[in-house]
Amino acid sequence: DSLNQTSELKLNDLSLTPDATNEEINVAKALVEKLLNQALTQINQDKTTNQVNLTEQQGVKAINDVQVNVVKKNEARTAITNVEDNKSQLFNNNDEATTEEKEIALQQLKAAVNQYTNEVSSAHTNQNVADVLSKALKEIEQIMPNIEVKPAAIEALKQLSSQIKPQINETNEATLEEKDEAINQLEEALKNSIDTVDQSLTNAEVAKAKLEWETLIKSIKPLIKVKPEANEALTSIAQQVIQDFER
């Protein structure tokens, strides 16, 4: 009869529902079975032909109206996308990483999201979906930019500065004050060089800043004036005295 035929066709249709898990399909199928049984029970209780026809029509309509409530996979994909958005924002706001380091991390993120989104779509059961989501969130959480370029440049500048400082202190021709002035210049240059590296965006900008500041730091030496001027003054006085004696 039409009720059983409708029910059979509907069960087949429900089985083919795209993006639905087995459990979601089974819930809809159970509802079809329930509606079919209710309609058949009512028909057995009906007295007239009109009542039977009406019950049959209502049953067919109710069965045809059944749809699978497809939510699990959509929810999982949304959760993955939300984590991706948050991660992308974190990467882009990370001032310690260069543009290239951020880009590599963003590509890793996109690859992971694509992989796990596809796995969610291929999952069959609610548990399959939950397992993929759990694995996806764990892996995505671990993706971070590999920050190397700026720290390496800053370390090189610090090392250079630590090499220049003893050279300044070992300059015998300079007074303590002249050495202190040069060391102050060195410390200021190091601070400014680190700031410049921190504010650089790309690998190339970091390399340029490092090279320029290395050149400047290497050029810092004490401005030697006091001792030579004193020596010159003494020499001049001595020459004057000798000239006086020779007259």
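Now for a quick tour of the structure.

Cut-offs and rules
Residues numbered from 1 in each chain as written. Predicted model: local features only at pLDDT ≥ 70, side-chain atom pairs only at ≥ 80, totals over all residues. Heavy atoms only, no water. Salt bridge = Lys/Arg side-chain N within 4 Å of Asp/Glu carboxyl O. Helix = DSSP H or I, 4+ residues; strand = E, 2+ residues; numbered from the N terminus. Axes fitted to C-alpha atoms, helices over the stretch in contact; angles between N-to-C directions. Parallel < 35°, antiparallel > 145°, perpendicular 65-115°, else oblique. Contact = heavy atoms within 4.5 Å. Nonpolar A, V, L, I, M, F, W, Y, C, P; charged D, E, K, R; others polar. Expected span 1.5 Å × (residues − 1). Buried < 20%, exposed > 50% of the residue type's maximum accessible area, 1.4 Å probe, protein only. Core = buried A, V, L, I, M, F, W, Y, C linked by side-chain atoms within 4.5 Å.

Observations concerning the pattern of salt bridges
Right, on to step 1. Tallying each qualifying case throughout the model produces six salt bridges.
Right, on to step 2. Lys 210 is paired through a salt bridge with Glu 214; the nearest N and O atoms lie 3.1 Å apart. One end of the pair is Lys 210 and the other is Glu 214, both in helix H9 (residues 203–218) and four residues apart, which spans about a single turn.

Notes on the packing of helix H4 (residues 72–92) against helix H5 (residues 99–122)
Right, on to step 1. Orientation of H4 relative to H5, taken along the N-to-C sense of each, is 175°, at an axis distance of 10 Å. Between H4 and H5, the interaxial angle falls into the category roughly antiparallel. Across the interface between the two elements, Lys 73, Ala 76, Arg 77, Ile 80, Glu 84, Lys 87, Ser 88, Phe 91 and Asn 92 of H4 pack against Lys 102, Ala 105, Leu 106, Leu 109, Lys 110, Val 113, Tyr 116, Thr 117, Val 120, Ser 121 and Ser 122 of H5.
Right, on to step 2. Its residues placed into classes, the contact of H4 with H5 shows nine nonpolar, five polar and six charged.

Quick word on H9
Right, on to step 1. Over its 16 residues, H9 extends 22 Å from the first C-alpha to the last, a length consistent with the 22 Å expected when each residue adds 1.5 Å.
Right, on to step 2. Buried positions along H9 lie against helix H7 (149–169) and helix H8 (176–199).

Things to note about the environment of Lys 221
Right, on to step 1. Along the polypeptide, Lys 221 turns up in the loop between H9 and helix H10 (226–246).
Right, on to step 2. Looking at Lys 221, the relative accessible area reads 57%, which means it is exposed.
Right, on to step 3. Spatially, the C-alpha atoms of Lys 221 and Ile 168 are 6.1 Å apart, while their sequence positions differ by 53 residues.

A look at the nonpolar core
Right, on to step 1. Residues Leu 157, Ile 164, Ile 168, Leu 186, Val 197, Ile 217 and Ile 220 are the most contacted members of the largest nonpolar core, which totals 18 residues.
Right, on to step 2. Of all the elements in the fold, those that place two or more residues in this core are H7, H8 and H9.
Right, on to step 3. The residues contacting Ile 164, other than those within four sequence positions of it, are Leu 186, Ile 217, Lys 218 and Ile 220.

By themselves, these figures tell us nothing about what the structure is for.
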